[in-house]
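Below, each chain spelled out in residue letters.
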Amino acid sequence: SLELETEFGAFFEVEEESTQVDPQTTRRTIRAYRLNGSKRSLYQVIEEEVKSSPDGGIKAVRTTSTADLNGKLNVSRKVLQETVPAGQDVFETRMTVEMPDPNRRLVPIERIEQTERLLEDESVSIERVEYSPTSRGKWETLEKRVATSREADGVIQTEEQVFRLDGNRRLALNQESSSQEWEADDGTLFRTTEERRPNFDGKMEVVQQRQIEQRAF
């Protein structure tokens, strides 16, 4: 299922309902009302429909409609996502984001393609590529992320490389990161991260290190 971003704040009232249409289809609707004293007015509606297939594939559509100054709802964002099996332990996902143009026609503004593989050593490899439309109606690669995660002795280790466009509009290594996550016996969660970026000589050097501790209550 697509993640729903519904953090509307203290001056909104949010209602949510979910419906199981059939064994393969679920629908979810979230309505956000703006509060003004004892009155409330509909501000935004998010509708999501998710369909699963017997082979493990998923199709999801999420439509966000926002009220204008006259209270009329207009589609402000639409996300289409499809995940399909592409071989043994391999899944491919394509997500397209659409938003209205000046004529209120929905046009694609972003596309993301992701390939997830379960490797022989039980680690998971994820390659994620982000595209943006050009003025000629084609898609240009903006960013590529390659991450590998594995778990050993209760510790999840993740390595990621991020490639972004350089001055010549070519993908170049822009960032590397490493992280470890584990849970102590008392339920406390620990996470350490290290971020590296290329210096003037093109060599990767550490630019940030973090350690986060989240205690259980």
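Up top is the structure these notes are about.
Read on for a plain summary of the structure. (Residues numbered from 1 in each chain as written. Predicted model: local features only at pLDDT ≥ 70, side-chain atom pairs only at ≥ 80, totals over all residues. Heavy atoms only, no water.)

## Here we look at the environment of Tyr33
Short version of the rule: A run of H or I in DSSP becomes a helix once it reaches four residues, and a run of E becomes a strand once it reaches two; helices and strands are each numbered from the N terminus. Any two residues having at least one pair of non-hydrogen atoms within 4.5 Å are treated as being in contact.
Turning to its location among the elements, Tyr33 is positioned in strand β2 (residues 25-36). Once the C-alpha coordinates of Tyr33 and Gln44 are considered, the two residues, 11 residues apart in sequence, prove to be 7.1 Å apart. Beyond its immediate stretch of four places on either side in the chain, Tyr33 contacts Phe11, Phe12, Glu13, Glu15, Arg40, Ser41, Leu42 and Tyr43.

## What about the pattern of salt bridges?
Here is the rule: Salt bridge criterion: a side-chain nitrogen from Lys or Arg within 4 Å of a carboxyl oxygen from Asp or Glu. Using a 1.4 Å probe on the protein chains alone, a residue whose accessible area is under 20% of its type maximum counts as buried, one over 50% counts as exposed, and one in between counts as partly exposed.
Summed over all chains, the structure comprises 20 salt bridges. For the salt bridge of Arg105 with Asp101, the shortest nitrogen-to-oxygen distance reads 3.4 Å. The residue Glu140 makes a salt bridge to Arg169 at a minimum N-O spacing of 2.9 Å. Here the residue Glu140 occupies a position in strand β9 (residues 139-152), and Arg169 occupies one in the loop between β10 (155-165) and β11 (171-183), the gap between them amounting to 29 residues. Residue Glu140 is classed as partly exposed on the basis of its relative accessible area of 26%. Judged by its relative accessible area of 49%, Arg169 is partly exposed.

## Side note on the packing of aromatic side chains
Just so we agree on the cut-off: Stacked, tilted and edge-to-face are the three classes assigned to paired rings of Phe, Tyr and Trp, where Trp is represented by its six-membered ring and a pair needs centres within 6.5 Å; plane angles under 30 degrees give stacked, over 60 edge-to-face, the rest tilted. In this scheme, Lys NZ or Arg CZ marks a charge over a ring once it lies within 6 Å of the ring centre and within 35 degrees of the ring normal.
Per the stated rule, a full pass over the model turns up 2 aromatic pairs. Summarising the aromatic geometry, the rings of Phe12 and Tyr43 are spaced 5.1 Å apart at their centres and angled 55° between planes, so their arrangement reads as tilted. Of this pair, Phe12 sits in strand β1 (residues 12-22) while Tyr43 sits in strand β3 (residues 39-52), and the two are 31 residues apart along the sequence. Given the relative accessible area of 19%, Phe12 is considered buried. Taking the centre distance of 5.5 Å and the plane angle of 15° together, the rings of Trp182 and Phe190 count as stacked. Above the face of the Tyr33 ring, Arg40 is positioned so that its terminal group lies 3.8 Å from the ring centre. Over the aromatic face of Tyr131 sits the side chain of Arg111, whose NZ or CZ is 4.9 Å from the ring centroid.

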